[in-house]
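Descriptive structure summary
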Amino acid sequence: MKTYTNVFDLGNLDVALKEAFEIKKNRYQFEQLGHHKTCLLIFFNNSLRTRLSTQKAARNLGMDVIVLDVNQGAWKLETERGVVMDGDKSEHLLEAIPVMSQYCDMIGVRSFARFESREDDYTEKILNQFIRYSGKPVFSMEAATGHPLQAFADLITIEENKRTDRPKVVLTWAPHPKALPQAVPNSFADFMNEANVDFVITHPKGYELDPKFVRGARVEYDQRKAFEGADFIYAKNWSCPGVSNPADYGKVLLKDMSWTVDAEHMSWTNNAFFMHCLPVRRNMIVTDDVIEAPTSLVIPEAANREISATVVLKRLLESLVQ
Ligand code: CP
């Protein structure tokens with residue numbers, strides 16, 4: 001595996017899950033693999049879980065880690081080619097990427113959607129420049145349209161907690177005060193569509209996710225109908241993906257609090273587990289009682305971020321010696 005940006009990079013999901021559970025039994029069993037190797041983690045945006053779990057994963061594998069917060073202490077980076085650089089940006093990404101790659105063996109990139117151009121975001125303009133110009137294995141730590149380390153951790157968590165062979169998993173939109181990217185719901189759909197689950201997506205009209213990620217999933221606009229019989233509820237806000245109207249891309253179309261996941265919503269389900277990638281806005285996305293209930297999996301999900309990252313970084317390390 002040379003890059004990690006989506007579910008297909010993992011290949012067979014059953015094999016990937018088996019590897020994850022083996023690593024969970026002894027997360028240091030491959031610590032020789034990363035000896036004298038360096039993992040560079042580049043953050044264009046804030047992070048708690050990804051920052052900590054990916055460093056932990058790299059160290060599980062015996063790697064050294066360098067963390068760079070681009071907006072704190074590095075030169076401000078220009079990302080557009082052809083720009084006359086007479087403003088506040090001192091360095092171009094086209095030099096910065098090959099320079100950074102001199103000091104490491106693989107690169108993780110966090111670069112959220114900028115909402116300036118749907119095309120730029122959906123072609124993953126920043127992440128793909130790292131893939132193209134670094135000459136090193138590159139993995140997404142949440143890019144403009146995907147968060148595959150999170151979705152792999154979510155799949156591991158579902159596999160660990162499922163009570164039937166093919167559980168019903170519902171991805172539900174929930175309200176939020178600010179415009180958020182579609183990366184988490186996109187990747188969650190990407191993974192659920194390839195997993196052995198009955199997958200349903202529910203959201204208000206206008207919030208349709210990109211068909212590239214929805215694929216054959218059932219979309220149900222009635223949230224109550226979607227929740228009926230669910231084994232897992234995965235809540236997330238996302239801004240308008242601009243599928244039917246590109247002019248609405250990145251907009252908050254509504255903040256309908258009737259979509260907030262509360263105890264009544266959960267009573268419609270098959271005693272479902274509650275999931276969210278975190279950070280979460282309590283009593284916007286989910287009520288206190290639901291996130292604090294024994295059926296809430298938000299902490300095990302976060303714990304599995306270390307496991308998903310260890311599998312991915314291990315596979316990238318293995319690609320270095322092939
Ligand atoms: N879920 C997740 O990626 O959290 P952070 O943004 O804190 O890394």
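Just above, that's the structure.
Cut-offs used in this document
Residues numbered from 1 in each chain as written. Predicted model: local features only at pLDDT ≥ 70, side-chain atom pairs only at ≥ 80, totals over all residues. Heavy atoms only, no water. Core = buried A, V, L, I, M, F, W, Y, C linked by side-chain atoms within 4.5 Å. Buried < 20%, exposed > 50% of the residue type's maximum accessible area, 1.4 Å probe, protein only. Helix = DSSP H or I, 4+ residues; strand = E, 2+ residues; numbered from the N terminus. Domains from an automatic or database assignment. Contact = heavy atoms within 4.5 Å. Axes fitted to C-alpha atoms, helices over the stretch in contact; angles between N-to-C directions. Parallel < 35°, antiparallel > 145°, perpendicular 65-115°, else oblique. Left-handed = near helix turned anticlockwise from the far one by under 90°. Nonpolar A, V, L, I, M, F, W, Y, C, P; charged D, E, K, R; others polar. Pairing = 2+ DSSP bridges. Right-handed = clockwise from strand over helix to strand, strands pointing away. Polar contact = N/O pair within 3.5 Å; in protein donor to acceptor, adjacent residues only side chain to side chain. Near = heavy atom within 4 Å. Areas by Shrake-Rupley, 256 points an atom, 1.4 Å probe, with all protein chains shown as cover. Phe/Tyr/Trp six-rings, centres within 6.5 Å; stacked < 30°, edge-to-face > 60°. Lys NZ or Arg CZ within 6 Å of the ring centre and 35° of its normal.

Core analysis: the biggest nonpolar cluster contains 61 residues, and Phe139, Phe152, Phe191, Phe199 and Leu313 have the highest contact counts within it. In terms of residue count, helix α12 (residues 298–320) provides more of this core than any other element does, seven residues in total. If you count residues domain by domain, this core takes at least three from each of domain 1 (3–146 + 305–320) and domain 2 (150–301). Ignoring any residue separated from it by four or fewer positions in sequence, one finds phenylalanine 152 in contact with Tyr4, Leu10, Ala16, Leu17, Ala20, Phe191, Ser308, Val311 and Val312. In terms of nonpolar packing, the next biggest core, distinct from the first, is built from 19 residues, Val170, Val200, Phe274 and Ile285 among them.

The subject of this paragraph is the packing of helix α1 (residues 13–25) against α12. Interaxial distance between α1 and α12 falls to 9 Å at its minimum, and their mutual angle equals 110°. Between α1 and α12, the angle is such that the two are roughly perpendicular. As α1 runs across α12, the sense of the crossing is right-handed. Contacts between α1 and α12 involve Val15, Ala16, Glu19, Ala20, Ile23 and Lys24 from the first element and Asn304, Ile307, Thr310, Val311, Lys314 and Arg315 from the second. Split into classes, the residues belonging to the contact of α1 with α12 amount to six nonpolar, two polar and four charged.

Where burial is concerned, most of strand β9 (residues 198–202) is hidden: four out of the five residues are buried. Relative to β9, strand β8 (residues 168–173) runs parallel, the two being bridged by five bridges. Within the sheet, the bridge partner assigned to threonine 172 lies in β9 and is threonine 202. Note on the crossover from β8 through helix α7 (residues 183–194) to β9: the handedness is right-handed. With two bridges joining them, β9 and strand β10 (residues 218–219) adopt parallel strand pairing. Bridging from a neighbouring strand, valine 200 pairs with arginine 218 of β10.

So, about unusual backbone geometry. Residue proline 279 follows leucine 278 across a cis peptide bond; omega there is 0°. Inspection of the secondary structure assignment puts proline 279 in the loop between β12 (273–275) and α11 (288–292). The phi dihedral of arginine 215 falls on the positive side, at around 45°, and the residue is not glycine. Following the sequence through the fold, arginine 215 ends up in the loop between α8 (211–214) and β10. Residues other than glycine seldom take positive phi values, yet leucine 278 does so here, at roughly 65°. Along the chain, leucine 278 falls in the loop between β12 and α11.

This next bit is on the sheet that holds strand β1 (residues 3–4). Backbone hydrogen bonds hold the strands of a sheet together, and the pairing may be parallel or antiparallel. The strand order β1-β7-β6-β2-β3 describes an open sheet built from five strands, whose pairing is parallel. Looking along the sheet, the strands with just one partner apiece sit at the ends: β1 and β3 (64–69). Across six bridges, strand β2 (residues 38–43) lies against β3 in parallel orientation. Across the sheet, residue leucine 41 finds its bridge partner in β3, namely valine 67.

Quick look at the side chain of serine 101 now. Looking at the secondary structure, you find serine 101 in helix α3 (residues 93–101). Reaching out from serine 101, the side chain makes a polar contact with the backbone oxygen of serine 134 at a distance of 3.1 Å.

Here we come to the site of the ligand. In the vicinity of the ligand, the residues found are Ser47, Leu48, Arg49, Thr50, Arg110, His147, Gln150, Cys277, Leu278 and Arg305. A distance of 2.8 Å is found between an oxygen atom of the ligand and a side-chain nitrogen or oxygen belonging to arginine 110. One of the backbone nitrogen or oxygen atoms of leucine 278 is found 2.8 Å away from a nitrogen atom of the ligand. Coverage of the ligand by the protein amounts to 94% of the 250 Å² it exposes when considered alone. By residue class, the composition of the shell around the ligand is three nonpolar, four polar and three charged. Here the shell around the ligand spans two domains, since at least three of its residues come from each of domain 1 (3–146 + 305–320) and domain 2 (150–301).

Considering all chains together, one arrives at 10 aromatic pairs under this definition. Measuring from centroid to centroid gives 6.3 Å for phenylalanine 152 and phenylalanine 191, while their planes differ by 25°, and the two rings are stacked. With phenylalanine 152 in helix α6 (residues 148–161) and phenylalanine 191 in helix α7, this residue pair connects regions lying 39 residues apart in the sequence. When its relative accessible area of 0% is taken as the criterion, phenylalanine 152 is described as buried. For phenylalanine 191, a relative accessible area of 0% gives the class buried. Here the aromatic residues Phe115, Tyr122 and Tyr249 are joined through ring pairs into a cluster of three or more. Above the face of the phenylalanine 43 ring, arginine 51 is positioned so that its terminal group lies 4.6 Å from the ring centre. The ring of tyrosine 122 carries arginine 118 above its face, with NZ or CZ at 4.1 Å from the centroid.

Purely geometric numbers; function is a separate question.
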